[in-house]
Amino acid sequence: MSKPTKFFIYLLLLIAIAKIELINKSFAQEEEILGNRCRDTKYDIVSFFDIKNKDTVFYRKIYSDVPVIAVFVKAKAGDDFFPVQSIIFKDSATNQVMQIIDSDSDSIAILNIEFDDYNFDGYTDIYVYDGCAILANCFGKVFIYDKNKNKFVRDYAFDDMTSIQADKEKKEILSFNQCCAGAESESRTYKYFDGKLTMVKEILKSYDNEKAKFRYIIKEYDDKGNLVNSKEIISDKYELDE
């Protein structure tokens, strides 16, 4: 191999090393700016209790035909109770902002974001909610991914629900709220009928001090929301076997 050829190869290696160092430096600077960073997280729930005034970004794949979404979490300076100001969603393929969910304009105390399919169409949706109370009563908003608009659209049908869960096997949405050290609770089950979320079952629990037992009122509804069955159960069980 001639000397000019060796020199040319050596020069190319130096250029390649310089580029790698530049890229690593760029990533390091970005990491320093963003602080806590988790790329392509697989967690269904991402919490921001320890965001500590630092912006954060993570990536999420919501469906095979949708580019990976970059989720930028902007911290609210000096607020330990509600540390997130906004969540910015970007299309990683185009770097275009898809939408912004802001704690002030959207009236949401943002402490958690949960990824799940809340309308059972195969696309991952999001549930943005607060830090939950002592009895794990979580209040927030559900945003359904609209593939035609390429954004998450708030579904107001979920607004009055608490501690929302999606049962994919039964295709049911569950809402649960409790108080009084768990002596009283409200559990509601919803199903989709012609695209509309309808309550099909309701269980109201209270405590009867005179009988020293729990009273359960169970109501069932049809696909139009009409009451079709109601019964009362008095039991010493903290939870029913239903």
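Residues numbered from 1 in each chain as written. Predicted model: local features only at pLDDT ≥ 70, side-chain atom pairs only at ≥ 80, totals over all residues. Heavy atoms only, no water.

How should the overall build of the chain be read in this particular structure?
Assigned secondary structure in the chain consists of 1 helix and 15 strands. When contacts within the chain are restricted to residue pairs at least 6 apart in sequence, those whose partners lie at least 24 apart make up 30%. In the form shown here, the chain has an accessible surface area of approximately 14700 Å², with 53% of it arising from carbon and sulfur atoms. (Helix = DSSP H or I, 4+ residues; strand = E, 2+ residues; numbered from the N terminus. Contact = heavy atoms within 4.5 Å. Areas by Shrake-Rupley, 256 points an atom, 1.4 Å probe, with all protein chains shown as cover.)

What is the right way to look at the pairing of strand 14 (residues 213-221) in this model?
If a strand is regular, its side chains alternate between the two faces of the sheet. Judged from the 8 bridges that link them, strand 13 (residues 196-208) and strand 14 form a sheet pairing that is antiparallel. Each residue of the ladder has a partner; that of Tyr207, found in strand 14, is Phe214. Here strand 13 hands over to strand 14 after 4 residues, with Ala212 in that stretch at a positive phi of 55°. Where strand 14 hands over to strand 15 (residues 227-235), the hairpin turn is made up of 5 residues, of which Gly225 adopts a positive phi near 90°. (Pairing = 2+ DSSP bridges.)

Whenever I open this one, the sheet that holds strand 4 (residues 84-91) confuses me. Can you help?
As a general point, the strands of a sheet are linked pairwise by backbone hydrogen bonds and lie either parallel or antiparallel. The 4 strands are arranged 2-3-4-5 in an open sheet whose pairing can be described as antiparallel. The open sheet terminates on both sides in strands that have one partner only, identified here as strand 2 (56-60) and strand 5 (96-102). Ignoring strand direction, the axes of neighbouring strands in this sheet form an average angle of 20°. (Axes fitted to C-alpha atoms, helices over the stretch in contact; angles between N-to-C directions.)

Looking at this structure, how should I read the packing of aromatic side chains?
Think of a pair of aromatic rings as described by two things: how far the centres are apart, and how the planes are tilted against each other in angle. This structure, assessed with the given rule, holds 11 aromatic pairs. The interplanar angle of 75° and the centroid separation of 6.2 Å between the aromatic rings of Tyr118 and Phe158 together place this pair among those described as edge-to-face. On the criterion of sequence distance, the pair formed by Tyr118 in the loop between strand 6 (112-116) and strand 7 (125-129) and Phe158 in the loop between strand 9 (151-154) and strand 10 (165-167) is long-range, its members being 40 residues apart. Here the two residues Tyr118 and Phe158 agree in accessibility, since each one is buried. Members of the aromatic cluster, joined through ring pairs, are Tyr63, Phe89, Tyr123, Tyr145 and Phe152. Here Arg60 stacks its cationic end above the ring of Phe115, 4.6 Å away from the centre of that ring. (Phe/Tyr/Trp six-rings, centres within 6.5 Å; stacked < 30°, edge-to-face > 60°. Buried < 20%, exposed > 50% of the residue type's maximum accessible area, 1.4 Å probe, protein only. Lys NZ or Arg CZ within 6 Å of the ring centre and 35° of its normal.)

Would you mind showing me how to read the nonpolar core here?
Side chains of nonpolar character tend, in soluble globular proteins, to be buried together. One finds Phe89, Ile113, Ile126 and Val128 to be the most contacted residues of the largest nonpolar core, which totals 23 residues. At the level of elements, strand 3 (69-75), strand 4, strand 5, strand 6, strand 7 and strand 8 (140-146) are the ones that each hand at least two residues to this core. Counting residues in each nonpolar core, the second largest holds 14 residues, with Cys138, Val142, Ile144 and Met161 among its members. (Core = buried A, V, L, I, M, F, W, Y, C linked by side-chain atoms within 4.5 Å.)

So what exactly am I meant to see when it comes to the state of the cysteines here?
Should the sulfur atoms of two cysteines be covalently bonded, the bond is a disulfide. Per the counting criterion, the structure on display carries 1 disulfide. What pairs with Cys132 in a disulfide is Cys138, and their sulfur atoms sit 1.9 Å apart. On the sign convention where negative is left-handed, the bridge of Cys132 and Cys138, at about 105° about the S-S bond, is right-handed. Note on Cys132: relative accessible area 26%, which makes it partly exposed. (Disulfide = S-S within 2.5 Å.)

I'm lost on the side chain of Ser163 in this one. Help?
Tracing the backbone shows Ser163 in the loop between strand 9 and strand 10. Filtering out sequence-adjacent residues up to four positions away, Ser163 remains in contact with Tyr127, Ala136, Asn137, Cys138, Leu174, Ser175 and Phe176.

Help me out: how do you make sense of the environment of Gly225 in this one?
With respect to the helices and strands, Gly225 occurs in the loop between strand 14 and strand 15. Between the C-alpha atom of Gly225 and that of Thr198, which follows or precedes it by 27 residues, the distance is 6.3 Å.

Please clarify how the sheet that holds strand 13 should be interpreted in this entry.
Strand order in the open sheet formed by 6 strands is 10-11-12-13-14-15, with antiparallel pairing between adjacent strands. Each of the sheet's edge strands pairs with one partner strand only, and the pair in question is strand 10 and strand 15. Sheet twist, expressed as the average angle between the axes of neighbouring strands with direction ignored, equals 20°. Note that strand 10 and strand 11 (residues 172-179) share 3 bridges and pair antiparallel. Residue pairing for strand 11: Gln165 is matched across the bridge by Leu174.

How do you make sense of the environment of Ile62 when you look at a structure like this?
Within the fold, Ile62 resides in the loop between strand 2 and strand 3. Classification of Ile62 as buried rests on a relative accessible area of 4%. Residues Ile62 and Tyr145, spaced 83 residues apart in sequence, show a C-alpha to C-alpha distance of 8.9 Å. Aside from chain neighbours lying at most four places away, what touches Ile62 is Ile69, Gly122, Tyr123, Thr124, Tyr145 and Phe152.

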